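As a plain string of letters, each chain reads:
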Amino acid sequence: MEFPFADFSELKEKRILIVGVGGLGAVSAEILTRCGVGKMVLMDYDTIEEANLNRLIYDTSQVGMKKVDALKAHLRKANPEVTGVGHPFDITDGKGYDLFVEEVGKSDAVLGCVDTFQVRLFMNSQCVKSGKPLIDGGASTDGVNGSVHVVIPGKTPCFRCNRPVLGEAPPVEMQRPEGTRDTTGVCHFTSLPTTMGIISSLQCQEVLKLLLNFGHTAPYLMYHGLEGVLERYDWERDPDCPVCGDITDEE
Ligand SMILES: [Zn+2]
């Protein structure tokens, strides 16, 4: 089908890394696969628990499977032309860390779909260092609100910008965060599947705009579910940001 703003066939050549394939990441992976992104790389150490089934994509027959394996199988059925790569590792630890650094370098964009602040900061610093766009999505703990933060290194504020509360000390997120792994595999707050669907769709919309070069990237979108309001923030980069402050826009 013709799309007036861009040529979707260009997506065949793109490689997208999705970190975290729970409620947000699995939906984003499905959307981008159906759009025709050539290579989807999935990273998540978790297995599917019954408690995850209120989210989208996974089904009862997959309980106990690694999420990346279950999702890869699902994506292959949705679009056999897409190549899926699954790494069932924690990106902050050992082999997962090495693979993450390598995959960021090879990717056209990184989708952050995790639920801890420390891991977001860690992804942010790696993406800024590698000059790769990070599209980070998150749902609030009340389950009805969420946000999407688009970090284009050197162009838009990074995840660390404008967070002076984190202090002037050497940025901890440059190191691997400790103790981020939740061994239970169960997410401890409820997120409505509707909110997850909205936030992952917003993430995908922004990544499509970036990859296919149409529209205007929104550096930060805040979705207020109770009010039905979507707000866009065009804040400025922090010139003193310890992560991206010394990166200049080449254009
Ligand atoms: Zn920054």
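Residues numbered from 1 in each chain as written. Predicted model: local features only at pLDDT ≥ 70, side-chain atom pairs only at ≥ 80, totals over all residues.

Draft legend 1. How the structure looks around the overall build of the protein chain. A tally of helices and strands in the protein chain yields five helices and eight strands. Ordered by position in the sequence, the α and β elements of the protein chain form the string β-α-β-α-β-α-β-α-β-β-α-β-β. Counting every position in the protein chain, which comprises 251 residues, the buried fraction comes to 41%. For the protein chain, the share of sequence-separated contacts (at least 6 apart) that also reach a separation of at least 24 residues comes to 70%. (Helix = DSSP H or I, 4+ residues; strand = E, 2+ residues; numbered from the N terminus. Buried ≥ 20, exposed ≤ 12 C-beta atoms within 10 Å, placed from the backbone. Contact = placed C-beta atoms within 7 Å.)

Draft legend 2. Here's a closer look at the pairing of strand β1 (residues 15–19). Judged by how many residues are buried, β1 sits mostly within the fold: four of five residues are covered. As judged from the five bridges shared by β1 and strand β2 (residues 39–43), these two strands associate in the parallel manner. When the sheet's bridge partners are listed, I18 is paired in β2 with L42. Following the chain from β1 across helix α1 (residues 25–35) to the adjacent parallel β2, one finds a crossover that is right-handed. Bridge count for β1 against strand β4 (residues 109–112) is four bridges, and the pairing is parallel. When the sheet's bridge partners are listed, I18 is paired in β4 with L111. (Pairing = 2+ DSSP bridges. Right-handed = clockwise from strand over helix to strand, strands pointing away.)

Draft legend 3. Representation of the packing of helix α3 (residues 94–106) against helix α4 (residues 117–130). Viewed as axis vectors pointing N to C, α3 and α4 meet at an angle of 45°, and their least axial separation amounts to 10 Å. By the angle between their axes, α3 is oblique relative to α4. When you trace α3 past α4, the crossing you get is right-handed. Residues F100, V101, V104 and G105 of α3 form the contact with α4, whose participating residues are Q126, C127 and S130. (Axes fitted to C-alpha atoms, helices over the stretch in contact; angles between N-to-C directions. Parallel < 35°, antiparallel > 145°, perpendicular 65-115°, else oblique. Left-handed = near helix turned anticlockwise from the far one by under 90°.)

Draft legend 4. Geometry of the sheet that holds β1. One open sheet holds the eight strands; their spatial order is β3-β2-β1-β4-β5-β6-β7-β8, and the pairing between them is mixed. Whereas interior strands pair on both sides, the edge strands pair on one side only; in this sheet they are β3 (83–87) and β8 (229–233). Across the sheet, the mean angle separating the axes of adjacent strands is 15° when strand polarity is ignored. The strands touched by helix α2 (residues 67–78) are β2 and β3; relative to β3, the strand with the most contacts, the crossing angle is about 175°.

Draft legend 5. Representation of the packing of α1 against helix α5 (residues 193–212). Interhelical geometry of α1 versus α5 gives an angle of 45° and a closest axis separation of 9 Å. On the basis of the axis angle, α1 is oblique to α5. The two elements α1 and α5 meet at a crossing, and its hand is right-handed. Taken together, the residues of α5 that come into contact with α1 (itself represented by V27, S28, I31, L32 and C35) are M196, G197, S200, S201, Q203, C204 and L208.

Draft legend 6. Seen up close, unusual backbone geometry. The phi dihedral of N213 falls on the positive side, at around 60°, and the residue is not glycine. With respect to the helices, strands and loops of the structure, N213 is situated in the loop between α5 and β7 (220–224).

Draft legend 7. Seen up close, the environment of R120. Its location among the elements puts R120 in helix α4. Contacts of R120, omitting those with residues within four sequence positions, involve G112, V114, D136 and F159.

Draft legend 8. Local environment of the pairing of β3. Where β2 lies against β3, five bridges are found, and the strand directions are parallel. By the bridge assignment, M40 is partnered in β3 with G84. Remark: the β2/α2/β3 crossover connection has right-handed handedness.

Draft legend 9. Main features of α3. Under the 1.5 Å per step criterion, the end-to-end length of α3 is 19 Å for 13 residues, consistent within 8% with the ideal 18 Å. The complete set of buried residues in α3 reads G96, F100, E103 and V104. The buried residues of α3 occupy an angular sector of 100° when the element is viewed end-on, so they sit on one face. Opposite the buried face of α3, at more than 90 degrees from it, the exposed residues are G94, K95, D98, E102 and K106. The inward-facing, buried residues of α3 abut β1, β2, β3, β4 and α4. (Expected span 1.5 Å × (residues − 1). Arc of directions from axis to C-beta.)

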